[in-house]
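# Fold and geometry: a report
One-letter residues, chain by chain:
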Amino acid sequence: GRKIAVPEFSMIVLIGASGSGKSTFARRHFRQTEVVSSDTCRGLVADDENDQAATPDAFALLQTILELRLKGRRLVVVDATNVRPEDRRKLVEIARRFHALSVAIVLDPGEDVCRNRNAGRQDRAFGPHVVRNQMAALRRGLRGLAREGFRQVHHLTSVDEIDSAEVSRQR
Ligand code: ATP
Ligand code: MG
């Protein structure tokens, strides 16, 4: 599978539409304490992981945790859709401030896969346009990721590439 070798001290931003498998990928390759998720943060500030009104506060909390982990020179994985450049700008800025290397892992199994997976989820009750818009935003921004400040960009473009990826750490 695709080899993803990340530095011990990095900020890894998962990028992908809802249902692309970000949380699953994070669970599989990283320790639970290394992952900061927008859903978890939404749940912490508003009891409900789907409360969209809580999004600004959830991201404020996410960024605070990100800063505190990087201050301690600890690896951190950001589990949120992160499909728009403006979603990513602040993250890259924070990583840069702490001299952590920014890594983008794009999970891109295709719109149908995302839509079909979400159809079977109790916790994701939104229309097909949501995934379509997220995929469109993702595509528009793909080529700009290096320019945004990501030093590694890994674009996994099928279920197989995502499932067979191997993550290792370099000192
Ligand atoms: P969201 O942005 O909505 O949080 P997500 O990108 O975190 O979505 P997951 O929660 O990881 O997506 O996955 C969505 C659904 O797809 C889950 O039911 C999960 O079990 C399934 N799934 C995720 N990755 C895979 C995979 N590689 N193979 C098979 N099923 C998967
Ligand atoms: Mg998730």
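See the structure above.
Keep in mind that what you see is a predicted model, and the values were worked out from it rather than measured.

Turning to the pairing of strand S2 (residues 10-15), a few remarks are in order. Judged by how many residues are buried, S2 sits mostly within the fold: six of six residues are covered. Because side chains alternate across S2, one face comprises the buried residues Ser10, Ile12 and Leu14, and the other comprises Met11, Val13 and Ile15, equally buried. Relative to strand S4 (residues 76-79), S2 runs parallel, the two sharing four bridges. Of the residues in S4, the one forming a bridge with Val13 is Val78.

This model, assessed by the stated rule, comprises 15 salt bridges. Linking Glu166 and Lys3 is a salt bridge whose minimum nitrogen-to-oxygen distance equals 3.5 Å. Taken together, the residues span a long stretch of sequence, with Glu166 in strand S7 (residues 166-170) and Lys3 in strand S1 (residues 3-7) at a distance of 163 residues. Residue class for Glu166 comes out partly exposed when judged on its relative accessible area of 37%. In this structure, Arg88 engages Glu148 in a salt bridge whose closest nitrogen and oxygen atoms are separated by 2.9 Å. Linking Arg88 in helix H4 (residues 85-97) with Glu148 in helix H7 (residues 145-148), this pair joins segments that are 60 residues apart in sequence. A residue is classified by how much of its surface remains accessible, and Arg88, at 1% relative accessible area, is buried. The partly exposed category is assigned to Glu148, whose relative accessible area is 21%. When salt bridges that share partners are traced, they join Asp39, Arg42, Arg121, Asp123 and Arg124 into one network.

Thresholds applied
Residues numbered from 1 in each chain as written. Chains lettered and ligands numbered in written order. Predicted model: local features only at pLDDT ≥ 70, side-chain atom pairs only at ≥ 80, totals over all residues. Heavy atoms only, no water. Buried < 20%, exposed > 50% of the residue type's maximum accessible area, 1.4 Å probe, protein only. Helix = DSSP H or I, 4+ residues; strand = E, 2+ residues; numbered from the N terminus. Pairing = 2+ DSSP bridges. Salt bridge = Lys/Arg side-chain N within 4 Å of Asp/Glu carboxyl O.

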